[in-house]
Amino acid sequence: MGVQLAVFLENRPGKLESITKALAEAGVNIRGFAMASEGEFGVLKILADDPEKALQVLREHHYTVSRRTVVVAMIEDRPGGLHELLATLAAENINIEDCYGIALEEGHRAAVVLDVERFPEAEAVLKSHGLRLLSDRELTSL
Amino acid sequence: MDKLEVKVEINAEVFRGTLSELERLAARVTAELRAELGITPVVRLVEPSSLPVSEGKAQRVIDRRNQG
């Protein structure tokens, strides 16, 4: 499992930049991110190398931040790799709130960040199907 | 026709980190205000500290009906 930060943002020019600036100045590295917006507002999801520091920095800059536990599953970086992961969860009727992928430098594998409704069960199901899940420590050292 | 716009600051107490929950919150605020006031407001979710604080002469209601 990993810690994902979600930041509430108004949908205006420069908002994302103000966040990346704050994190960059604090020496926090963003390992993965996803942005979803709905008209005038949006949610930025961040996987940081130091989530607690990122949380502190964003709060100091008066952002509304939420901290959630997510599953980070390793898949093979090939056609069908993502499908196999999603089919495993679908077979157990586990709903995904949202997800995004990170291609790893080595080029053979990818990590998929899953925000699921039934977190512990999803983790157990994926492990039982032989999928490798990243710990907090592994995540920060990707 | 007159329009009522309501800005709602999103703080950590109500933010769970998903877009769907924010949409539900905006819909709930809209429905509750409509039930109370009899008109449908335009609800806008804004960042913290966007609205005037309560100290001094904070202007929380802005009437733009005579501004064309």
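Rules of the game
Positions within a chain are numbered from 1, following the residues in the order the chain's sequence is written. Chains and ligands are labelled sequentially in the order written, the chains with letters from A and the ligands with numbers from 1. Reporting in this predicted model follows two pLDDT cut-offs: at least 70 for local features of residues, and 80 or more for side-chain atom pairs to be given and counted; totals over whole chains, interfaces and linings ignore these cut-offs and use all residues. Hydrogens and water are ignored here; the side-chain numbers use all heavy atoms of the structure. Each helix is a run of H or I in the DSSP string that is no shorter than four residues. Each strand is a run of E no shorter than two, and both are numbered from the N terminus. Radius of gyration here uses only the C-alpha atoms, and the compact-globule reference equals 2.2 Å multiplied by the residue count raised to the power 0.38. Throughout, exposure labels follow a simple rule: accessible area from a 1.4 Å probe, protein chains only, divided by the maximum for the residue type, with under 20% read as buried, over 50% as exposed, and the rest as partly exposed. A contact between two residues is defined here by any heavy atoms of the two lying within 4.5 Å. In short, Shrake-Rupley with a 1.4 Å probe defines the accessible areas, and a residue's cover is counted only from the protein chains shown. Lys and Arg are tallied as positive, Asp and Glu as negative. Neither His nor the chain termini are counted. Taken as the charge location is NZ of Lys, CZ of Arg, CG of Asp or CD of Glu. Here, any two strands with at least 2 DSSP bridges between them count as paired. Comment: axis = line fitted to C-alpha atoms, over the contacting stretch for helices; angle = value between 0 and 180 degrees taken between N-to-C directions. Residues belong to one nonpolar core when they are buried, are Ala, Val, Leu, Ile, Met, Phe, Trp, Tyr or Cys, and are joined through side-chain atoms within 4.5 Å. Here the buried area means the combined drop in accessible surface, using a 1.4 Å probe, for two parts upon being joined, counting both sides. Here a polar contact is recorded for every N or O atom pair within 3.5 Å, except that within protein the pair must consist of a potential hydrogen donor and a potential acceptor, and residues adjacent in sequence are included only if both atoms are side-chain atoms. When residue character is reported, Ala, Val, Leu, Ile, Met, Phe, Trp, Tyr, Cys and Pro are called nonpolar, Asp, Glu, Lys and Arg charged, and the others, Gly included, polar.

(A) Focus on the overall build of chain A. The helix and strand tally for chain A stands at 5 helices and 6 strands. Counting from the amino terminus, helix and strand elements in chain A follow one another as β-α-β-β-α-β-α-β-β-α-α. For 142 residues, the compact-globule estimate of 2.2 N^0.38 gives 14 Å, and the C-alpha radius of gyration of chain A, at 16 Å, lies within 12% of that figure. Based on the C-alpha atoms only, the size of chain A along its principal axes is roughly 40 × 30 × 25 Å. Burial analysis of chain A (142 residues in total) assigns 45% to the buried set. Contacts in chain A between residues at least 24 apart in sequence constitute 67% of all its contacts with a sequence separation of at least 6. Surface exposure of chain A reaches about 7300 Å², of which carbon and sulfur atoms provide 50%. Both charge centroids of chain A, one from 15 positive and one from 23 negative side chains, sit 4 Å from each other.

(B) How the structure looks around the sheet that holds strand β1 (residues 2-10) of chain A. Residue and element names in this part refer to chain A. Read across the sheet, 6 strands follow the order β2-β3-β1-β4-β6-β5 without closing on themselves; strand pairing throughout is antiparallel. In this open sheet, the two edge strands, each paired with only one partner strand, are β2 (30-38) and β5 (96-103). Geometrically, the sheet is characterised by an average inter-axis angle of 30° between neighbouring strands, direction not taken into account. Note that β2 and strand β3 (residues 41-48) share 8 bridges and pair antiparallel. Bridge assignment links Ala-36 to a residue of β3, and that residue is Val-43.

(C) Looking closely at the nonpolar core. Residue and element names in this part refer to chain A. One finds Val-7, Ile-19, Leu-23, Ile-46 and Leu-58 to be the most contacted residues of the largest nonpolar core, which totals 18 residues. Elements with a contribution of two residues or more to this core: β1, α1 (15-25), β3 and α2 (51-60). When neighbours within four sequence positions are excluded, Ile-46 is seen to be in contact with Val-3, Gln-4, Leu-5, Val-7, Ile-19, Leu-23, Ile-30, Gly-32, Phe-33, Leu-58 and Tyr-100.

(D) How the structure looks around the interface of chain A and chain B. With 22 residues of chain A in contact, the opposing surface of chain B contributes 18 residues. Overall, the association of chain A and chain B removes approximately 1600 Å² of surface from exposure, summing both partners, and the carbon and sulfur fraction of that is 58%. Joining chain A to chain B, the criterion identifies 8 residue pairs in polar contact (both at pLDDT 80 or more). Elements supplying a minimum of two residues to the side of chain A that touches chain B: β1, β2, β3 and β4 (64-76) of chain A. The element contributing the most residues to the side of chain A that touches chain B is β1(A), with 5 residues. Looking at the side of chain A that touches chain B residue by residue, the classes come out as 9 nonpolar, 5 polar and 8 charged.

Coordinates in, geometry out; function isn't part of it.
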